[in-house]
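Chains, contacts and geometry: an overview
The chain contents come next:
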Amino acid sequence: MAHTATQSRLTPEQVAFYNREGYLKFEEPVFPQPKFDGLKNHFEDMLAKLPSDARPEGMDCPHFVDTQLFEWLFADEVLDLVEPLIGPDIALFASHFICKPKGNGKRVPWHEDSAYWGKTFDPMNVATVWLAIDPSTPENGCMNVIARTHSNGYSDYDPVDTATHVFGTEVKPHQVDKTKSVPMILQPNQASIHHAKMIHGSEANTSNIRRCGYTMRYISTHCKYQPHFNHLIYLARGKDPLGNCKGDPTQSYEELRRFRQLHVKNGH
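Treat the numbers as computed from the prediction; the structure is a model and nothing was measured.

This paragraph deals with the environment of threonine 120. Structurally, the position occupied by threonine 120 is in the loop between α5 (113–117) and β5 (121–122). Threonine 120 sits 131 residues away from glutamine 251 along the chain, and the two C-alpha atoms are 24 Å apart.

Geometrically, a pair of aromatic rings is defined through the distance of the ring centres and the angle of the planes. One pass over the structure, following the stated rule, counts 12 aromatic pairs. Taking the centre distance of 4.7 Å and the plane angle of 90° together, the rings of phenylalanine 93 and phenylalanine 121 count as edge-to-face. With phenylalanine 93 in strand β3 (residues 90–100) and phenylalanine 121 in strand β5, this pair connects stretches of sequence that are 28 residues apart. One exposure class covers both phenylalanine 93 and phenylalanine 121, and it is buried. Members of the aromatic cluster, joined through ring pairs, are Phe64, Phe70, Phe74 and Tyr234.

The next point concerns empty space enclosed by the protein. Rolling a probe over the atoms, with the probe sized like a water molecule, indicates the empty space that remains. Under the counting rule described, the total for this entry stands at 1 cavity of 30 Å³ or more. Of the voids in this model, the largest cavity is the one considered here, and its volume is about 30 Å³. If you trace the largest cavity, you find it lined by Ala91, Ile219, Ser220, Thr221, Cys223, Tyr225, Ile233, Asp240, Asn244 and Cys245. Considering only residue class, the lining of the largest cavity consists of 6 nonpolar, 3 polar and 1 charged.

One finds Phe31, Leu39, Leu73, Phe97, Leu131, Tyr214 and Tyr218 to be the most contacted residues of the largest nonpolar core, which totals 57 residues. Those residues in contact with leucine 39 that lie beyond four places of it in its chain are Phe31, Leu69, Trp72, Phe97, Leu131, Ile133 and Tyr214. Grouped together as the second largest cluster of nonpolar side chains are 9 residues, Trp130, Met143, Ala147 and Leu186 included.

By the definition in use, this model includes 16 salt bridges. Ionic pairing is found between arginine 210 and glutamate 44, a salt bridge with its closest N-O pair at 2.8 Å. Taken as a pair, arginine 210 in the loop between β12 (200–202) and β13 (211–220) and glutamate 44 in helix α2 (residues 33–48) lie far apart in primary sequence, 166 residues in all. For glutamate 44, a relative accessible area of 28% translates into the label partly exposed.

Strand order across the open sheet formed by 4 strands is β4-β12-β7-β10, with antiparallel pairing between neighbours. Of all the strands in the sheet, the pair left with one neighbour each is β4 (108–111) and β10 (181–183). Along the sheet, successive strands turn relative to each other by an average axial angle of 25°, direction set aside. Bridge count between strand β7 (residues 143–146) and β12: 3 bridges; the pairing is antiparallel. Within β12, the position partnered with methionine 143 by the bridge is serine 202.

Glancing now at the side chain of serine 220. Residue position: serine 220 is located in strand β13. There is a polar contact of 3.0 Å between the side chain of serine 220 and the backbone nitrogen of histidine 222. For serine 220, the contacting residues outside a window of four places in its chain are Ile86, Asp89 and Asn125.

Another aspect to go through is helix α4 (residues 76–86). Since there are 3.6 residues in each turn of an α-helix, residues three or four apart along the chain are aligned in direction. Counted residue by residue, α4 has 8 buried out of 11 residues, so it is predominantly covered. Along α4, the positions that sit buried rather than exposed are Glu77, Val78, Leu79, Asp80, Leu81, Val82, Leu85 and Ile86. Trailing α4 by a residue or two, glycine 87 shows a phi angle of about 105°, which is positive.

Now for the side chain of aspartate 89. Topologically, aspartate 89 is positioned in the loop between α4 and β3. Buried and without a salt bridge, aspartate 89 has lysine 239 as its closest oppositely charged side chain, separated by 6.7 Å. Polar side-chain contacts of aspartate 89 include one of 2.8 Å to the side chain of histidine 222. Every residue in contact with aspartate 89, bar those within four places of it in the chain, is listed here: Ile219, Ser220, Thr221, His222, Arg237, Gly238 and Lys239.

Cut-offs applied
Residue numbering note: each chain is counted from 1, following its sequence as written. Totals for whole chains, interfaces and linings use every residue, but because this is a predicted model, local features are given only for residues with pLDDT of at least 70 and side-chain atom pairs only at 80 or more, for both listing and counting. With hydrogens and water set aside, each side-chain value is computed from the structure's full complement of heavy atoms. Helix and strand labels come from DSSP, where a helix needs a run of H or I of at least four residues and a strand needs a run of E of at least two; each type is numbered from the N terminus. Side-chain rings of Phe, Tyr and Trp, where Trp is taken by its six-membered ring, are said to pair if the distance between their centres is within 6.5 Å; with planes under 30 degrees apart they count as stacked, over 60 as edge-to-face, and otherwise as tilted. Buried, partly exposed and exposed residues are distinguished by accessible area as a fraction of the type maximum, computed with a 1.4 Å probe on protein chains only: under 20%, between the cut-offs, and over 50%, respectively. Here a cavity is any set of points on a 1 Å grid over the protein atoms alone where a 1.4 Å probe fits but cannot get out, and a pocket is any open set with protein on both sides within 12 Å along at least 5 of 7 lines; a residue lines the site when it has an atom within 4 Å of a point. Grid points are joined across faces, edges and corners, and a volume is the space filled by probe spheres set on the points. Residues are grouped as follows: Ala, Val, Leu, Ile, Met, Phe, Trp, Tyr, Cys and Pro are nonpolar; Asp, Glu, Lys and Arg are charged; all remaining types, including Gly, are polar. Nonpolar cores are built from buried Ala, Val, Leu, Ile, Met, Phe, Trp, Tyr and Cys residues. Side-chain atoms within 4.5 Å join them into one set. Note on contacts: a residue pair is in contact if any heavy atoms of the two residues lie within 4.5 Å. By definition, a salt bridge exists where a carboxyl oxygen of Asp or Glu is found within 4 Å of a side-chain nitrogen of Lys or Arg. DSSP calls a pair of strands paired once it identifies at least 2 bridges connecting them. With axes taken as lines fitted to C-alpha atoms, and helix axes fitted only over the stretch in contact, angles between N-to-C directions fall between 0 and 180 degrees. Two N or O atoms count as a polar contact when they lie within 3.5 Å, although within protein this holds only if one can serve as hydrogen donor and the other as acceptor, and sequence-adjacent residues are included solely when both atoms are side-chain atoms. Charge assignment: positive for Lys and Arg, negative for Asp and Glu; neither His nor the chain ends contribute.

In structure tokens:
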């Protein structure tokens, strides 16, 4: 059953900042400490079970098979951050653990999420909550955003080497104004929120400190959604007037997880 609203966690000034700049840093604890510790411990168990040849940057949509994650994905602490930005009727689109191991964590090329999602949503109004599991700093490859780039969302791309990059394309250099780059420096249990059309990326992690974040992506259920046969969205709060939320948070979808491991880009 979908949750109902409690109260906004954002001030009008923070909402205005997000709408103007395309991102927001939330530098308060997202979860009560015991709840955050539960998520981190859950992630550590997941990481320990990864095959030895699997890269930890690519733990894509684990909620398709790990239904315990909805304890945090549907939590009021998160949805009360999202509702002021996209409204009271909220669908969960995706989630990812993006873990850059110390020493050899891959670079994430400059990109817009919207460029990969194409016509999936109309309007393309996806709010991503990036929850820091570890400290996230320039030294260990924190995410960087290019402020005020969320009015476009469909830049031109060049290929890059996937041996050193999490995925294989990057916004052409002349379309990235690095003078407007803002590092998302976060402590564990803090978060950033960014718009789907925002240009963002992150450098390789060559430090001796791991960098992990959990991305939780939400859309308004009033967005027109072009369903993908390899994906499901879930009603997180409010109503689903278009009937697009087919995901059942009590059910495991192993076939979707396998497909995405083979075919879907991920990483921030």
